[in-house]
Each structure stands twice: as C-alpha cells, then as structure tokens.
Amino acid sequence: MISSVQRAGAVDTQMGPGDSPSQMLYDSQARMTQLHTWRSGTWTGATWPASPPAADITEWTYPPSLDLNLTKKYPDLGGQDAARRTVTYTYWRNGALATRRWQRLPGSYSNTVGGAGVVTSYWYDAHARLQTIDYPGATTTVAATPDVSYTYNPAGRVNTRTEAGQASSTYLYTAWGQPFKETVTSLANGFAPSEVERTFELTTNRIDLLKIKSGAIVAPNVDHGFHATTGLLDTVVADARTITYGYTASGATPTGTPRARTYGHSGSTLLYTEMPRNSRGLLDGVSHVQSSVPVLYQSMTYAYNVDRVTSIRRRLAMRNYSKLGTQKFVHHAMEMNSRISLGAFEMISRVLRMWQDGCRPREKV
C-alpha cells in the first residue's frame, strides 16, 4: 500500500497491492467531502495515475465552521435515485444528534425513485442525557425496530435501559461508581432474568469475582488475582481455564508493562504470548507459541528520534494436516515485510507491504 499525506496530516490517496485504490478530498477546514474508490484495476505504480477511470463516490456535507455531518450520500451502483443513497442528520443546539433520516426499500417502491424516507429521533433530558431513541415503525417488508429508553440514578449513571416490548436492563453500582450488577429481564417471552454480577475488593476497589447466570444456568465464576506487592493483575481463573500475566521487572522501562500472557487449561499451557519491550518501553515484537509450536512472530523497528514504527516483519506458521485432521508438521513458510515512510510533521506518507515471494498481502498489518 502506498499512501500520500497532505500537509494537514490527512491521507490524500491510497493504492498498491492488497488494497483498493482510494482518493480523499477535503474542504478548507480539513473535513472530508468526497471519498473516491475503485473496485477493479491494478494500481502498483509509484505515483497516482494522471487520469484515473470513473470512481464510486461517497460524499459528505457540513454546516459552516462545524464538524457535524449533515448528509452522507453513497455511491450510485446502478441507476439509484440520489435520495435513495442519502442519509441526512439534524442536531440540537448543543451539537447532540437529533434525527437521522435514511431510505428503506420495500418491494412496492422503485429503486430509481426517492421516497420520503424513515427517521430515527434522539431525545434528551434537561441534563442533555440520552433519554429515548425513537426508531421508525414497520414497513411492508421490514419489521419495526424497538424504541430504546434510558433512566438515570441521582449520580447521573444509567439506571435502566429498556427496549420496548423486548427486554429491560437494570444496573447497580458500587459506592465508587463501578457497575457491579446488571440484570436483564425479558419482556416478550417470559424467560428468566439473566444476571452479571461483579464483586470488588473492599480496600483496593479492584474487581475480585465475576458471576454470570441465566435463570437456573450458572456459568463458572471468574476469579481475578493480583500481585501482593505491585497490585498488577496476575491471574484470571474460570473453572479449569486460566490466564496468567507477566510484566517487565522492577526498574525496567516502563515498570509494570505487560510482557507475557499464558493461556492454560487443567494445568497445560495452550498458548503463550510474549511481548518484549525496548529501552523506551516500545513494543519490540510479539510471538505466539501454541502447544509448544511457534505460530506467529512479528518484530518492529522505530525511527531513532521519534516513537514511530518504520518497519514491521511478520512470520506466519503454515500447518499441514492429515485426512484424519491430525497435524503432520508446521513450518514458517510465509513472511511479510512492511516498510513505513514518514513525511513532513512525522505523518505516515507511504506504507509498502510485500510477502517474501512477492505476492500481494492477504491481510492488513
């Protein structure tokens, strides 16, 4: 992928193997007004084409001097009326979203003729807290979306969340303000309530136990263990499953940074992840070992004077299985390197990614 960046730090163009070409246009206030995308063609040159073919265009409009989106018009993918492709927004005086209008397409409507659209409205209380989301009703082909309403406790935290005719959630909080219990009650089918309950340590206010149940079905408790000296999370245990965390040693830079994570079951290690750091505390690499077999290794380098990545090297393990599904062998056959260039103001100006065999990448870094 190759990206060009304008002086304001916003990406202008993007192209290259593994990415769909795209071009971004901005107004004088650096707000994106158009996004041009192409669904075909091989754009692997070092510079943007002088005369690119016709693009799919997404457009945005804004009010003067505000970064509030008034309309978003999607690309025309085949003779669609502009109203069919446009979402419009209105706002309250404080900038909170008031309405969102868009088009549904029941079978009785023409794809090329704009309809009146449907509207979702957002209502707030005197303290500007979201109180109701009023969704549109049903159409001939689309079921109604339940309206959602909220109530708040004296501290301003959500007390209940109700989906009309469907379910209601009630929240309880500790004296410190953490949510310690959530109860979901069905309003439609008579199911028993589901509960999520958290227990916190009295002196440190750290989470100690997590309990989840749905009616008579009770999930294993999730217990959290912390280091007696550092106070950092050491273990998370649920039934026979465990997660153990390791950190940089005392005096390292920075002390207490997560460095390793071990997933285990019944005393056996299933996955070990290591995340070494350099002297500035930046991530040097990530390695995953599954059942004693390395499956992924990724390393990073940085610019000497800024904490910006300049290259990423990723090595993937390729597994081979027999017809019975048993693993025969593992080898690191694929490697992908990414070179990242920094432009003015240390903004990313170009990213070049390539597999070791020269093929286009199949996944983004």
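Residues numbered from 1 in each chain as written. Predicted model: local features only at pLDDT ≥ 70, side-chain atom pairs only at ≥ 80, totals over all residues. Heavy atoms only, no water.

Some details on the side chain of Asp125
Its location among the elements puts Asp125 in the loop between strand 9 (118–124) and strand 10 (130–134). Judged by relative accessible area, which is 18%, Asp125 ranks as buried. Here the side chain of Asp125 touches His127 through a polar contact of 2.9 Å, landing on its backbone nitrogen. Sequence-distant contacts of Asp125, defined by excluding residues within four places in its chain, comprise Gln131 and Tyr152. (Helix = DSSP H or I, 4+ residues; strand = E, 2+ residues; numbered from the N terminus. Buried < 20%, exposed > 50% of the residue type's maximum accessible area, 1.4 Å probe, protein only. Polar contact = N/O pair within 3.5 Å; in protein donor to acceptor, adjacent residues only side chain to side chain. Contact = heavy atoms within 4.5 Å.)

Brief notes about the pairing of strand 3 (residues 22–26)
Two elements, strand 3 and strand 4 (residues 32–37), share 5 bridges in a ladder whose sense is antiparallel. Bridge pairing in strand 4 places Met24 opposite Leu35. Following strand 3, the chain reverses through 5 residues before pairing antiparallel with strand 4; Ala30 in that reversal takes a positive phi of roughly 65°. (Pairing = 2+ DSSP bridges.)

Description of the pairing of strand 23 (residues 285–290)
Pairing between strand 22 (residues 268–274) and strand 23: 4 bridges, direction antiparallel. Bridge pairing in strand 23 links Glu274 to Ser287. Bridging between strand 23 and strand 24 (residues 293–302) involves 6 bridges; their strand directions are antiparallel. From the neighbouring strand, Val286 faces strand 24, where its bridge partner is Gln298. With antiparallel pairing between neighbouring strands as the criterion, strand 23 and strand 24 make up a hairpin whose turn holds 2 residues, including Ser291 at a positive phi of roughly 50°.

Topic: the environment of Pro136
Note on placement: Pro136 falls in the loop between strand 10 and strand 11 (148–152). Note: C-alpha distance between Pro136 and Ser121 (15 residues apart in sequence) is 8.6 Å.

Here we look at the environment of Gln29
Relative to the helices and strands, Gln29 is located in the loop between strand 3 and strand 4. With 35 residues separating them in the primary sequence, Gln29 and Pro64 have C-alpha atoms 9.6 Å apart. Excluding its chain neighbours within four sequence positions, the residues that come into contact with Gln29 are Ser65 and Leu66.

What to know about the confidence of the model for the chain
Of the residues in the chain, 69% reach a pLDDT of 70 or more, and the chain-wide mean stands at 77. Per-residue pLDDT, averaged within each element of the chain, yields its smallest value for strand 27 (residues 348–355) (42) and its largest for strand 11 (97). Within the model, pLDDT remains below 50 along residues 1–10, and this stretch shows 37 contacts once partners closer than five positions in the same chain are excluded. Below pLDDT 50 for its whole length, residues 339–365 participates in 78 contacts with residues either more than four positions away or in separate chains. (pLDDT = per-residue confidence, 0-100.)

Some details on the pattern of salt bridges
One pass over the full model with this rule turns up 8 salt bridges. Between Glu163 and Arg161 there is a salt bridge; the shortest N-O distance is 2.9 Å. Notably, a salt bridge pairs Glu195 with Lys181, separated by 3.8 Å at the nearest N-O pair. Within this pair, whereas Glu195 is found in strand 15 (residues 194–200), its partner Lys181 is found in strand 14 (residues 179–186), the two being separated by 14 residues in sequence. Exposure remark for Lys181: the relative accessible area of 21% places this residue in the partly exposed category. A cluster of three or more residues bridged by salt bridges with shared partners is formed by Lys181, Glu195 and Lys213. (Salt bridge = Lys/Arg side-chain N within 4 Å of Asp/Glu carboxyl O.)

Describing unusual backbone geometry
Backbone geometry places Ser266, a non-glycine residue, at a positive phi of 55°. In this structure, Ser266 sits in the loop between strand 21 (258–265) and strand 22. Not every positive phi belongs to a glycine, and Ser291 is a case in point at roughly 50°. Topologically, Ser291 is positioned in the loop between strand 23 and strand 24.

Describing the packing of aromatic side chains
Scanning all chains against the criterion turns up 1 aromatic pair. An angle of 55° between the planes, with centres 5.6 Å apart, marks the rings of Trp92 and Trp123 as tilted. In this pair, Trp92 sits in the loop between strand 7 (86–91) and strand 8 (97–102) while Trp123 sits in strand 9, placing the two residues 31 residues apart along the sequence. Assessed through its relative accessible area of 38%, Trp92 is described here as partly exposed. Its relative accessible area of 43% is what places Trp123 among the partly exposed residues. (Phe/Tyr/Trp six-rings, centres within 6.5 Å; stacked < 30°, edge-to-face > 60°.)

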